[in-house]
Amino acid sequence: MPVTTKAGAPWVVKDGLATLGNEATALLHTLDTVFASWGVRDGAEAMDFPPLLAAADLSRFDYFRNFPHLVSVVGRLDSERWAAYAEQPEVTAVRPGDLTGTGYALPSAACYGAYLHLAGEELAAPLRVTTAATCHRAEEEYHGLRRLGAFRMREVICIGGAEDVRGHLAAFRRRIHDFSRRLGLGLARERASDPFFRRQDARLLFQELEPVKEEFSYHDGTAVASTNRHLNFFGERCGITFAGRPAFTGCAAFGLERWLHVLADLHAGDLARARRAVEEAAAAMDDAGVATMDDADAAALDEADAAVPSAPAAEGRE
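Another point: the pattern of salt bridges. The tally for this structure, following the rule as stated, stands at 14 salt bridges. Between Arg-237 and Asp-62 there is a salt bridge, and its shortest N-O distance comes to 3.1 Å. Pair noted here: Arg-237 is in helix 8 (residues 233–238) and Asp-62 is in the loop between helix 2 (55–60) and helix 3 (63–66), with a separation of 175 residues, a long-range link. Looking at Arg-237, the relative accessible area reads 25%, which means it is partly exposed.

Shown next as structure tokens:
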């Protein structure tokens, strides 16, 4: 098996940061292409957004109230400290007091940039966007590719009316189910919570009555994908309107390194075989067209919408 890491392994993870070898990189890119193509097929526009987010913008989302434990801020070395650091033979850490604030943070999800880009817009029609980003989360501990400090996330976002978002997420639930079935992954679908909503917010009660976040997890508990219905939260906070009202938003999200983990486990480390399996499953779904599930599977998934088991609070994971 061709590898390019120093340790002779398909990937190396140290301190929550991953280096991928040749086969792992090829598989990650193949997966990303498949997930992005599902969005493009539905009319999604491919976009890239800035790699930094203004703290003031994140504050609009109550981010520092809800996710302070995930925040990774960006700072610059204070000019008065340049000489001191230049004279040091080795720098192993930078003291917080030696930094000046920039007002920016690293994103922990790919979709935030889309909502900020559309701030103040009146949409004449529902909009779909697909984007990928390197996301950063300052976790207390890391576990291989299952939980990283920096990782790639592909998202396909819908912005419009409530029914537009509902239909978008239903279509992606079916795709994820069909794809995982063809791959033999046996992903479990579980309800999770969305801590964006404050305790006094009526939307928090709504999510107890109807799921707004669902995760698809491997047998070892690794959540590789999720569908997230934000209701009109981001529409309100960013001033995005549709049909004269705050727009509803939702996204399907895919943690690409987590897919590497589960596929490597399923294929006993043979990433070339895993990549062929992904290509074959995607091609079979393309051949089947829009209706990628047989009637029995589709009916079973639709019935499950009303009875999805709950998972532990997701702490903003997508």
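Next, the rest of the story.
Here His-267 lies in the loop between helix 9 (256–266) and helix 10 (271–288). With a relative accessible area of 11%, His-267 lands in the buried category. In contact with His-267, other than residues within four places in its own chain, are Arg-273, Ala-274 and Ala-277.

Right, let's talk about the packing of aromatic side chains for a bit. Within the structure shown, the criterion is met by 17 aromatic pairs. Residues Phe-35 and Phe-254 carry aromatic rings whose centres are separated by 4.1 Å and whose planes lie at 10° to one another, so their mutual orientation is stacked. Residue Phe-35 is located in helix 1 (residues 22–41), and its partner Phe-254 is located in strand 15 (residues 248–255); the two are separated by 219 residues in the primary sequence. Note on accessibility: Phe-35 and Phe-254 belong to one class, buried. Taking the centre distance of 6.5 Å and the plane angle of 55° together, the rings of Phe-172 and Phe-254 count as tilted. Note that Phe-172 is positioned in helix 6 (residues 162–183) and Phe-254 in strand 15, a separation of 82 residues in sequence. By relative accessible area, which is 0% here, Phe-254 ends up buried.

A few words on a nonpolar patch on the surface. Among the surface-exposed residues, Val-91, Val-94 and Leu-99 lie close enough to one another that they form a single nonpolar patch of about 220 Å² accessible area. The residue Val-94 is located in the loop between helix 4 (82–87) and strand 6 (99–105) in this model. The partly exposed category is assigned to Val-94, whose relative accessible area is 42%.

What follows concerns the sheet that holds strand 7 (residues 122–123). In spatial order, the strands read 7-13-14; together these 3 strands make up an open sheet with mixed pairing. Whereas interior strands pair on both sides, the edge strands pair on one side only; in this sheet they are strand 7 and strand 14 (245–246). Bridge count for strand 7 against strand 13 (residues 241–242) is 2 bridges, and the pairing is parallel. Note on strand 13: the bridge partner recorded for Glu-122 is Thr-241.

Calculation notes
Residues numbered from 1 in each chain as written. Predicted model: local features only at pLDDT ≥ 70, side-chain atom pairs only at ≥ 80, totals over all residues. Heavy atoms only, no water. Salt bridge = Lys/Arg side-chain N within 4 Å of Asp/Glu carboxyl O. Helix = DSSP H or I, 4+ residues; strand = E, 2+ residues; numbered from the N terminus. Buried < 20%, exposed > 50% of the residue type's maximum accessible area, 1.4 Å probe, protein only. Contact = heavy atoms within 4.5 Å. Phe/Tyr/Trp six-rings, centres within 6.5 Å; stacked < 30°, edge-to-face > 60°. Patch = residues over 30% accessible without salt bridge, like charges linked within 9 Å, V, L, I, M, F, W, Y side chains within 5 Å. Areas by Shrake-Rupley, 256 points an atom, 1.4 Å probe, with all protein chains shown as cover. Pairing = 2+ DSSP bridges.

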